[in-house]
Amino acid sequence: MHKIISSSLKTFSEEHCIESMNEAKRFEHFVNYCIASKYYSGRIDTSGITTGDEDPGIDGVIIIVDGELVTTEEEIDAIFESHRRNVEVEFIFIQSKTSEKFEKKELTNFGDCVYDFLSDHPEHSYDEILSEAHKIFDKVVVNFHKVKHGKPNTRTYFVTTGVWNDEKELSAALKVNQKKLESTGYFNNVESLKLDRDEIITLLISIRQPVEAKVKVKGCIPYDNIKGVEEAYICVIPAKNFINSLLKNADDDRIKSGIFEENVRAFLGESNSVNSSIKDTLTSKETRDRFAILNNGITIVSPDVRVQSDTISLSNYQIVNGCQTSHVLFRNKELLTDDSTMLTVKVIEVSDADIINQIVQATNNQSYVEDEKFLSLKSKAKNIEVYFNSCNDDAGDELKIFFERRERQYSGLKISDSKIFDIRTVARAFSAMFLEIPHIAASYPTQIFQQSENKLFLDEQNEIAYYCATLALYKFNKLFNSKKLPSDFSKYKWHTLMLLKYLINNGIKTPELNSKKITQYCQDIIKVLSSTREDVQQPYQVCVEIIKEGIEKGGWEKKDRLKRSLHTARLKKILMKRF
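Source: prediction; values computed, not measured.

1. Overview of the overall build of the chain
Assigned secondary structure in the chain consists of 23 helices and 15 strands. For 579 residues, the compact-globule estimate of 2.2 N^0.38 gives 25 Å, and the chain sits close to it at 25 Å. Principal-axis analysis of the C-alpha atoms gives the chain an extent of 75 × 65 × 45 Å. Summarising the internal contacts of the chain: among those between residues at least 6 apart in sequence, 72% fall at separations of at least 24. Put simply, the chain shows about 26100 Å² of open surface, and 47% of that area lies on carbon and sulfur atoms. One finds the centroid of the 79 positive side-chain charges in the chain at a distance of 2 Å from the centroid of its 86 negative side-chain charges.

Encoded structure:
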């Protein structure tokens, strides 16, 4: 294995606590992470996209829906039930080999396995990852009338650490795989791709390098001095130039998803009333030229803005307001001529996180949405972040965990990825342990806020409960990745958190989250979690025993049954018999 890839794999394995896995499996997680990062900018849990040891032919499956990573049937149901139309869907299938060469037989086998996946009755038996992916695929096919072009797109990646020399038979094998997938009639666009050693390295570099762009403007007026802001400008930019310079990926015809991390809303689809109106403005020749005065414009923040004549250079920029406008423009770029459609853009050079939050709030108050991005701006979320940091001040390195309130806020600080938990994951852990809805946490990873928004990050709740639940999740992940827990127990992590608090507190009912008693209750849990590895492992092993008993009595081995509140109640009943 090339030294750069070997070194990157080692670092990745340490950051994600998967050192105990064999090299081939670690490489699968590593490749899946790299490819997923190309299409999705959020935090990626590779356990949700990497198949098990026994699955032949497909090592990873990534499903991107309107820029969001979807891993459960419930998530795709929620998207289609939201009455969104023209939804962009992409399926990405991956096969990874640590071998130093490409082999036609393996390429062909990979293509056959993906083709089999698309059948109504696949010949291969699948683990939960592929089974769930197949359910999602079926839902996409049924809801074809809500999907852009009526069909999803697909990409297949065959990856090795060897060098691709474009041998005729290997290129032919890729083309045959592509034709087989095209023949199914399920996809609008099919690409059969390979990644060799050099392309993996190039992908690694693209993931790590800062986002930079240079855009030409028609006019640019600076604001007077503003406290806390280095520079600020209001600019008029040709819409087509804006798309090509700031929105479009350099290596493919995709929109840069990472530049919307600070935006409070994901793209809501063209059927959304506001977005439909934006599209109508572009479609009409009469109103297209008036776009700059009919649209509220775009707000961009960047820590490094440089103005030279009619050009603005930006580094690590974020579009904090204008996600909907940007996506509608990108999707309808063929309607734009070079100079007829203009766009008003605010460009602000600022590094202060609090000022950025103020800009986000001020520019996104026209239709309030209580999702994770707005919750991250609440004073309670900030207090929880401070609480995590204060705990880290007194903790050894092994016990340090970080609340990523704002996306990528710890990027470049050399903190192990396994120690960083975004606001969605913290909310899921808290909901599973203290709200006792592990079935919701397990089933709706992107819907936890809609399900429990009036119970999350409340001012009266004690911050220690959020820290306690997240620390318990961190310890579960550590034990699972080091193979101290059964290999099929990742799906039970959320139920384990609920059981754990009762086991450690001898079955005592959870105090009110705004009471003084909750502090000692959580401290007792944290004390055990801070013990030696053997002492930490013991309560988790008891959770395994309880869940196994539930499996034997209730048939919970099927993942869909874990999604029901009935089984959460039964599991708790089995637990309470021990006290």
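Once you've had a look at it, read on.
2. What to know about the packing of aromatic side chains
In this structure the tally under the stated criterion is 25 aromatic pairs. Taken together, a centroid distance of 5.3 Å and an interplanar angle of 50 degrees make the contact between Phe12 and Tyr33 tilted. You can see Phe12 sitting in helix 1 (residues 3-15) and its partner Tyr33 sitting in helix 2 (residues 23-39), a full 21 residues away along the chain. Residue class for Tyr33 comes out buried when judged on its relative accessible area of 16%.

3. What about the side chain of Thr154?
Mapped onto the elements of the fold, Thr154 is located in strand 4 (residues 153-159). Thr154 sits in the buried class, given a relative accessible area of 1%. Polar side-chain contacts of Thr154 include one of 2.9 Å to the backbone oxygen of Phe91. Contacts of Thr154, omitting those with residues within four sequence positions, involve Glu90, Phe91, Phe93, Leu181, Phe187, Asn189, Val190 and Glu191.

4. Structural notes on helix 20 (residues 493-504)
The first and last C-alpha atoms of helix 20 sit 16 Å apart over 12 residues, in line with the 16 Å expected at 1.5 Å per residue. Most of helix 20 sits out of view: 12 of its 12 residues are buried. Along helix 20, the residues classified as buried are Lys493, Trp494, His495, Thr496, Leu497, Met498, Leu499, Leu500, Lys501, Tyr502, Leu503 and Ile504. One or two residues past the end of helix 20 sits Asn506, with phi positive at roughly 55 degrees.

5. Notes on unusual backbone geometry
The phi angle at Cys17 is positive, at roughly 55 degrees, despite the residue not being glycine. Turning to its location among the elements, Cys17 is positioned in the loop between helix 1 and helix 2. Exposure remark for Cys17: the relative accessible area of 9% places this residue in the buried category. One non-glycine residue with positive phi stands out, namely Lys483, at about 65 degrees.

6. Considering the confidence of the model for the chain
Overall, the prediction assigns the chain a mean pLDDT of 87, with 93% of residues at 70 or greater. Within the chain, strand 4 carries the highest mean pLDDT (97), whereas helix 14 (residues 372-375) carries the lowest (61).

7. Describing the packing of helix 4 (residues 104-117) against helix 6 (residues 168-183)
Between helix 4 and helix 6, the shortest axis-to-axis distance is 9 Å and the interhelical angle comes to 5 degrees. Judged on the interaxial angle alone, helix 6 and helix 4 are roughly parallel. Every residue of helix 6 that contacts helix 4 at Lys104, Leu107, Thr108, Gly111, Asp112, Val114 and Tyr115 is listed here: Glu169, Leu170, Ala173, Leu174, Asn177, Lys180, Leu181 and Ser183.

8. Some thoughts on the sheet that holds strand 11 (residues 311-315)
Taken in spatial order, the 3 strands of this open sheet run 6-11-10, and their pairing is antiparallel. The sheet is open, and its two edges are formed by strand 6 (212-216) and strand 10 (304-308), each paired on a single side. Pairwise comparison of adjacent strand axes, ignoring direction, gives a mean angle of 15 degrees for this sheet. Two elements, strand 10 and strand 11, share 5 bridges in a ladder whose sense is antiparallel. What sits directly across from Asp304, in strand 11, is Ser315.

9. Structural notes on the environment of His83
As for its placement among the helices and strands, His83 is situated in the loop between helix 3 (73-81) and strand 3 (89-96). In sequence terms His83 and Lys333 are 250 residues apart; their C-alpha atoms lie 24 Å from each other.

10. What to know about helix 5 (residues 128-142)
Between its terminal C-alpha atoms helix 5 stretches 21 Å, which fits the 21 Å expected from 15 residues at 1.5 Å a residue. Listed in full, the buried residues belonging to helix 5 are Ile129, Leu130, Glu132, Ala133, His134, Ile136, Phe137 and Val140. In the core, the buried residues of helix 5 are packed alongside strand 1 (60-65), helix 3, strand 3 and helix 4.

11. Points about a nonpolar patch on the surface
Together, Ile221, Tyr223, Ile226 and Ile234 make up an exposed nonpolar region whose accessible area comes to about 350 Å². Structurally, the position occupied by Ile234 is in strand 8 (residues 231-238).

12. Examining the packing of helix 8 (residues 239-247) against helix 12 (residues 323-331)
Packing of helix 8 against helix 12 leaves a shortest axis separation of 10 Å and a crossing angle of 100 degrees. Taken together, the axes of helix 8 and helix 12 are roughly perpendicular relative to one another. On helix 12, the residues that touch Ala239, Phe242, Ile243 and Leu247 of helix 8 are Ser326, Leu329 and Phe330. By residue class, the composition of the contact of helix 8 with helix 12 is 6 nonpolar, 1 polar and no charged.

Cut-off values and rules
- Residues numbered from 1 in each chain as written.
- Predicted model: local features only at pLDDT ≥ 70, side-chain atom pairs only at ≥ 80, totals over all residues.
- Heavy atoms only, no water.
- Helix = DSSP H or I, 4+ residues; strand = E, 2+ residues; numbered from the N terminus.
- Rg over C-alpha atoms; globule rule 2.2 N^0.38 Å.
- Contact = heavy atoms within 4.5 Å.
- Areas by Shrake-Rupley, 256 points an atom, 1.4 Å probe, with all protein chains shown as cover.
- Lys, Arg positive; Asp, Glu negative; His and termini not counted.
- Charge placed at Lys NZ, Arg CZ, Asp CG, Glu CD.
- Phe/Tyr/Trp six-rings, centres within 6.5 Å; stacked < 30°, edge-to-face > 60°.
- Buried < 20%, exposed > 50% of the residue type's maximum accessible area, 1.4 Å probe, protein only.
- Polar contact = N/O pair within 3.5 Å; in protein donor to acceptor, adjacent residues only side chain to side chain.
- Expected span 1.5 Å × (residues − 1).
- pLDDT = per-residue confidence, 0-100.
- Axes fitted to C-alpha atoms, helices over the stretch in contact; angles between N-to-C directions.
- Parallel < 35°, antiparallel > 145°, perpendicular 65-115°, else oblique.
- Pairing = 2+ DSSP bridges.
- Patch = residues over 30% accessible without salt bridge, like charges linked within 9 Å, V, L, I, M, F, W, Y side chains within 5 Å.
- Salt bridge = Lys/Arg side-chain N within 4 Å of Asp/Glu carboxyl O.
- Nonpolar A, V, L, I, M, F, W, Y, C, P; charged D, E, K, R; others polar.

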